[in-house]
Amino acid sequence: MSSHTLAGDLLETPEQRDLRAAVAQLGSRYGRSYFTETVDAGNHPEALWADAAKAGYLGVNLPEEHGGGGAGITELSIVLEELGGAGCPLLMLIVSPAICGTVIARFGTDAQRRRWLPPLADGSRTMAFGITEPDAGSNSHRITTTARRAGGDWLLTGRKVFVSGVDRAEETLIVGRTEDERTGQLKPCLFVVPRDAAGFAHHRIDMELHAPEKQFELVLDEVRLPAEALVGDEDAGLSQLFAGLNPERIMTAAFALGMARYAVSRAVDYACERQVWKAPIGAHQAIAHPLARSHVEIELARLMTQKAARLYDARDDVGAGEAANMAKYAAGEAAARAVDQAVHTLGGNGLTREYGLASLVTAARVARIAPVSREMILNYISHQSLGLPKSY
Ligand SMILES: Cc1cc2nc3c(=O)[nH]c(=O)nc-3n(C[C@H](O)[C@H](O)[C@H](O)COP(=O)(O)OP(=O)(O)OC[C@H]3O[C@@H](n4cnc5c(N)ncnc54)[C@H](O)[C@@H]3O)c2cc1C
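Residues numbered from 1 in each chain as written. Predicted model: local features only at pLDDT ≥ 70, side-chain atom pairs only at ≥ 80, totals over all residues.

Per an unreviewed UniProt entry, the chain goes by the name Acyl-CoA dehydrogenase and belongs to Streptomyces oceani. Among the UniProt annotations of the chain, the heading Sequence similarities (unreviewed entry) holds the following wording: "Belongs to the acyl-CoA dehydrogenase family." (UniProt positions renumbered as here; feature names shortened; annotations may be inferred.)

This is the structure in structure tokens:
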């Protein structure tokens, strides 16, 4: 299945197409079996990460003056989609360079940019991102992780759940809130929290996922942080946070698209070869049409992902907000259906470990749930795009 359709050629610059081809080639040098064997052995895809880092892919979106590629989320999403298309999605690209890197590049002080961006750009460090809380879930306005001033320092207390990659990331960018002394209202703000800080504990959550990135519960008990741990302006609140959440959605769409493409291409290969009647099973329309529909859905979702990435890179945060939500929704749905159909196409083999598709069933569901669920996107579109009233 070609990833270089005519539409792709019209919509991407020659540099972006070259990037797509080069990343696809790197991904194919590793492939799905490298990825699954690495996970089975309890390891991380270090070699792939190192090669991607050496080629400058991991920080392609970060500013050149801080060691990045000086490009945008458009390019970083190409990297993630193509690695996923080869069966090797690197989830931490969503978190480390896309969310944390973007927030620090846009809102950090000079000192924070100089300190954090070069190691994020060359992949020598990763930063996790923690917003989800057990009692807030989809309602992030309800988070209670609170920062109190203590002289020149901050004391951060709260709990987070499902935070990815804390075992690998030396720091986590934590979304907390400060109390406005005048109004008593809580305002969102972001802190870089070292994993070895006193009072910071992380416990692995046992997930039914076959991926190198693990999820963690975090407990922050009066974690003392210096003033410079606060990223951005204490008063800018939500707008800073949203600057990081749009890239998160665009990148999750790319993650889902890569997975979906991988699943469909495996199913197509199989359907062309497997023969139990007169013709290969791919000749039966009951097998062919759902795969064709998935191909259409993937292309449509990619188109919206490209739109969202372009708007974001052009600094249209509001326009990007709607498109990023739509892209994440469309790609999540496309991935869930593509993986389901791919597994089905392989019959019993779809559920064997050997063919490497069954593990994508739960992985594809992640793109429906995180970082924002399908229903919360539909709520956003209902209220923001259509002006419908709210039920909550
Ligand atoms: C693999 C994985 C990795 C993750 N990584 C991270 C990470 O790195 N950092 C991080 O902070 N978080 C992370 N998350 C958390 C993720 O963002 C949350 O799971 C997600 O936001 C949903 O929150 P919840 O699980 O609390 O579900 P809930 O908010 O409890 O929602 C449960 C269900 O109710 C529905 N629902 C809730 N409210 C409404 C409503 N108003 N209308 C209609 N339906 C509604 C939801 O759509 C969902 O189907 C990760 C999750 C997973 C699964």
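Engineer: Would you take a moment to explain the overall build of the chain for this structure?
Structural biologist: Counting its regular elements, the chain contains 11 helices and 8 strands. Since a compact globule built from 392 residues should have a radius of gyration of about 21 Å, the 21 Å found for the chain is in line with a globular shape. Summarising its shape, the C-alpha atoms of the chain cover approximately 80 × 50 × 40 Å along the three principal directions. Put simply, the chain has 392 residues, and 47% of those count as buried. Restricting the contact set of the chain to residue pairs at least 6 apart, pairs at least 24 apart contribute 72%. (Helix = DSSP H or I, 4+ residues; strand = E, 2+ residues; numbered from the N terminus. Rg over C-alpha atoms; globule rule 2.2 N^0.38 Å. Buried ≥ 20, exposed ≤ 12 C-beta atoms within 10 Å, placed from the backbone. Contact = placed C-beta atoms within 7 Å.)

Engineer: Even after reading the chapter, I still don't get the domain arrangement of the chain, so can you show me in this structure?
Structural biologist: When the parts of a complex come together, some accessible area is lost, and that lost area is often taken as the interface size. Once the domains are mapped, the chain shows domain 1 (6-126), domain 2 (128-231) and domain 3 (238-385). Each of domain 1 and domain 2 has a C-alpha centre, and these two points are 24 Å apart. Each side of the interface is counted separately: domain 1 has 17 residues, and domain 2 has 15 residues. When contributions to the side of domain 1 that touches domain 2 are tallied by element, the ones reaching two or more residues are helix 2 (14-40), helix 5 (92-107) and helix 6 (110-121). Considering every element that reaches the side of domain 1 that touches domain 2, the biggest residue donor is helix 5, with 7 residues. (Domains from an automatic or database assignment.)

Engineer: Looking at this structure, I do not really get the nonpolar core. What am I missing?
Structural biologist: Most often, soluble globular proteins have nonpolar side chains that are buried together. F191, M259, A260, A263, A327, A335 and V339 are the most contacted members of the largest nonpolar core, which totals 115 residues. Excluding anything up to four places from it in sequence, A335 contacts A256, M259, A260, A364 and A367. (Core = buried A, V, L, I, M, F, W, Y, C linked by C-beta atoms within 7 Å.)

Engineer: It is not clear to me how the environment of I281 should be interpreted in this structure. Could you clarify?
Structural biologist: Checked against the element boundaries, I281 lands in the loop between helix 7 (238-273) and helix 8 (285-313). Separated by 64 residues in sequence, I281 and T345 place their C-alpha atoms 8.4 Å apart. Apart from residues lying up to four places away in sequence, I281 is in contact with A271, R274, Q275, V276 and I287.

Engineer: I'm lost on the UniProt feature "domain: Acyl-CoA dehydrogenase/oxidase N-terminal" (unreviewed entry) in the chain in this one. Help?
Structural biologist: The UniProt feature table records "domain: Acyl-CoA dehydrogenase/oxidase N-terminal" (unreviewed entry) at residues 13-123. Along residues 13-123 the backbone is 69% helical and 0% strand, and the end-to-end C-alpha distance reaches 25 Å.

Engineer: Before we go on, may I ask you to explain the pairing of strand 4 (residues 171-179) in this structure?
Structural biologist: When a strand is regular, its side chains alternate between the sheet's two faces. Within strand 4, 7 of the 9 residues are buried, which leaves the element mostly enclosed by the surrounding structure. In this structure, strand 1 (residues 127-130) lies alongside strand 4, joined through 4 bridges in parallel fashion. Bridging from a neighbouring strand, A128 pairs with T172 of strand 4. Where strand 2 (residues 146-150) meets strand 4, 2 bridges bridge the pair, whose relative direction is parallel. Looking at strand 4, one finds that T146 is bridged to R177. (Pairing = 2+ DSSP bridges.)

Engineer: Please explain the pairing of strand 2 as it appears in this structure.
Structural biologist: Here 5 bridges tie strand 2 to strand 3 (residues 153-164), and the two strands are oriented antiparallel to one another. Bridged to R148 within strand 3 is L155. Here strand 2 folds back onto strand 3, and the loop between the two strands holds 2 residues, one of which, G151, carries a positive phi near 65 degrees.

Engineer: Would you take a moment to explain the packing of helix 5 against helix 6 for this structure?
Structural biologist: Interaxial distance between helix 5 and helix 6 falls to 10 Å at its minimum, and their mutual angle equals 160 degrees. Taken together, the axes of helix 5 and helix 6 are roughly antiparallel relative to one another. In this structure, the crossing between helix 5 and helix 6 has a hand that is left-handed. Contact with helix 5, carried on its side by S96, P97, C100, G101, I104 and A105, involves Q112, R113, W116, L117 and L120 of helix 6 and no other residues of that element. (Axes fitted to C-alpha atoms, helices over the stretch in contact; angles between N-to-C directions. Parallel < 35°, antiparallel > 145°, perpendicular 65-115°, else oblique. Left-handed = near helix turned anticlockwise from the far one by under 90°.)

Engineer: For this particular structure, what's the right way to read the site of the ligand?
Structural biologist: Around the ligand there are 22 residues in total, and G137, S138, F162, S373 and E375 lie nearest to it. For the shell around the ligand, the secondary-structure elements that each account for two or more residues are strand 1, strand 3, helix 10 (359-369) and helix 11 (374-385). Tallied by class, residues from the shell around the ligand come to 13 nonpolar, 8 polar and 1 charged. Two domains each provide a minimum of three residues to the shell around the ligand, namely domain 2 (128-231) and domain 3 (238-385). (Near = placed C-beta within 6 Å. Nonpolar A, V, L, I, M, F, W, Y, C, P; charged D, E, K, R; others polar.)

Engineer: Mind showing me how you'd approach unusual backbone geometry here?
Structural biologist: Most peptide bonds take the trans configuration, and most residues that are not glycine carry a negative phi. Residue P371 is reached from A370 by a cis peptide bond, and omega for that bond is -10 degrees. Locating P371 in the fold gives a position in the loop between helix 10 and helix 11. Of note, the phi angle at F162 is positive, near 65 degrees, even though the residue is not glycine. Structurally, the position occupied by F162 is in strand 3. Even without being glycine, E222 reaches a positive phi, approximately 50 degrees. Turning to its location among the elements, E222 is positioned in strand 7 (residues 215-225).

Engineer: Looking at this structure, how should I read the environment of G68?
Structural biologist: Within the fold, G68 resides in the loop between helix 3 (46-54) and helix 4 (73-85). A count of 23 C-beta atoms within 10 Å places G68 in the buried class. Leave out the neighbours within four places in its chain, and G68 touches G59, V60, N61, L62, P63, L117 and A121.

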